[in-house]
Amino acid sequence: MIDNRSGKGLSFVRRIYLPRIIGLGIGLFSVMAAIAPLHLPDWTWALLLFNGLLWPHVAYQWALRSATPYQAEQRNILLDSLMGGFWTAAMQFNPLPSVTILSMMTMNNVAAGGLRVLLRGLLAQLCGMLLASALFGTGLQLHTTSLQMLACLPMLTLYPLALGWVCYQLAIKLAEHKRRLSALSRTDSLTGLLNHGSWKDTLLLKFQICRQQQLPAVVALIDIDHFKAINDTYGHVVGDCVLRQLSQELRRNLREDDLAGRYGGDEFCVILPGAHPAQACQAMERLRERVGAYRNPQLPALRISLSIGLAGLHAHLSSPEHWLEEADKALYAAKHLGRDQVNFARGEVAPLKLAYPE
């Protein structure tokens, strides 16, 4: 829920704190200039000073210590609106100060909660006006002095700046969260590689690009030999470690443009755009050797081997699914021939110097 103490409630409270300090602090001058000629009771000045200088900190601590910070801050916003309406009626609806106070309050309510908070804030302002009218009587002061105009300038300039800055910071955070969520939705949680759906989307894209630009490319399907036996013998925790180990070796062994993903279970997949068959074979052979050389000091009997099927892009392929199917056939052949080997769909390929990191 949004109200829990470790969730968005506390961040909402902190986000409102600075604009409230600035808004009520500089709004104090607008109200003081407007009520000064009206000779209101002394307690009114004490209330005004409390509202302008102390209330932001009281409201912050009140919401911060609440069991439901978000709801507490919504209550504080309504109290802000109530006092805004109160001071508007207390200054006898002096045009410029009244419009300044009410418009800034309304802007804050919209930013804090949209239409719902806006409507509740308008109702609170009306209640504040009725309360002040009951205490001081109903009056209408239509003349705005030069001093009152000057007192409104800070509110009209600084408060929108502060509110805009807070909204900008929030937009930056939301963009970052969106980027992270997008990355999470595209990656496999265990290995950090592309998940099945994202890799298939990438395969389609690379297939189209390489076909249009007549670039070489190879797709590889990688299977961990006897992975079920590893799980049955050592447990799923060790099995997960094996999957992570392979994903780490893939990152270390591939070029920057190569795209690795977890196809499902113990099967991995790689797109090698711009790679010739010999390059891809040599890169996958190096991967197989490095994974095969892995030893766990705590599990000396554990051995990992890979069967890898490769398929190059050629003119007879009608779709990325057909391309993937050829790699799958090559993988099946590698298993049939004894596992722990690399098999290319079109037979043996002469070695060629690699453009891969050693």
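Residues numbered from 1 in each chain as written. Predicted model: local features only at pLDDT ≥ 70, side-chain atom pairs only at ≥ 80, totals over all residues. Heavy atoms only, no water.

Per an unreviewed UniProt entry, the protein is named diguanylate cyclase, and its organism is Pseudomonas muyukensis.

Caption draft 1: View of the overall build of the protein. The helix and strand inventory of the protein stands at 10 helices and 5 strands. The C-alpha radius of gyration computed for the protein amounts to 34 Å, which surpasses the reference 21 Å derived for 358 residues by more than 25%, pointing to a less compact arrangement than a globule. Overall size of the protein, expressed as C-alpha extent along the three principal axes, is 100 × 50 × 30 Å. By residue count, 46% of the 358 residues in the protein fall in the buried class. Expressed as a percentage of contacts within the protein between residues at least 6 apart in sequence, the contacts between residues at least 24 apart total 75%. Side chains of the protein give 33 positive and 26 negative charges; the mean places of these two sets differ by 7 Å. (Helix = DSSP H or I, 4+ residues; strand = E, 2+ residues; numbered from the N terminus. Rg over C-alpha atoms; globule rule 2.2 N^0.38 Å. Buried < 20%, exposed > 50% of the residue type's maximum accessible area, 1.4 Å probe, protein only. Contact = heavy atoms within 4.5 Å. Lys, Arg positive; Asp, Glu negative; His and termini not counted. Charge placed at Lys NZ, Arg CZ, Asp CG, Glu CD.)

Caption draft 2: Examining the sheet that holds strand E1 (residues 217-224) more closely. Pairing is mixed across the open sheet formed by 5 strands, whose spatial order is E2-E3-E1-E4-E5. Among the strands making up the open sheet, the edge pair consists of strand E2 (259-264) and strand E5 (341-344). Direction aside, neighbouring strands of the sheet carry axes that sit 20° apart on average. Pairing of strand E4 (residues 306-312) with E5, which is carried by 4 bridges, proceeds in the parallel orientation. (Pairing = 2+ DSSP bridges. Axes fitted to C-alpha atoms, helices over the stretch in contact; angles between N-to-C directions.)

Caption draft 3: Geometry of the environment of glutamine 248. Within the secondary structure layout, glutamine 248 lies in helix H8 (residues 236-253). Put simply, glutamine 248 and valine 291 are 43 residues apart on the chain and 9.8 Å apart in space, counted from C-alpha to C-alpha.

Caption draft 4: Main features of the layout of surface pockets. For the largest pocket, the calculated volume is near 650 Å³. Surrounding the largest pocket, 22 residues form its lining, Ser11, Phe12, Arg15, Val166 and Leu170 being those nearest its centre. With 9 residues, the single largest contributor to the lining of the largest pocket is helix H5 (residues 146-186). The residue inventory of the lining of the largest pocket, partitioned by class, reads 14 nonpolar, 4 polar and 4 charged. (1 Å grid on protein atoms, 1.4 Å probe; cavity = no way out; pocket = protein on both sides within 12 Å on 5 of 7 lines; lining within 4 Å. Points joined across faces, edges and corners; volume = space filled by probe spheres on them. Nonpolar A, V, L, I, M, F, W, Y, C, P; charged D, E, K, R; others polar.)

Caption draft 5: The arrangement of helix H7 (residues 227-234) in detail. Regarding H7, the residues found buried are Phe227, Ile230 and Asn231. Projected onto a plane normal to the axis of H7, the buried residues spread over an arc of 95° and lie on a single side. With respect to the buried face of H7, the exposed residues turned more than 90 degrees away are Lys228, Asp232 and Thr233. On its buried face, H7 sits against E1 and H8. (Arc of directions from axis to C-beta.)

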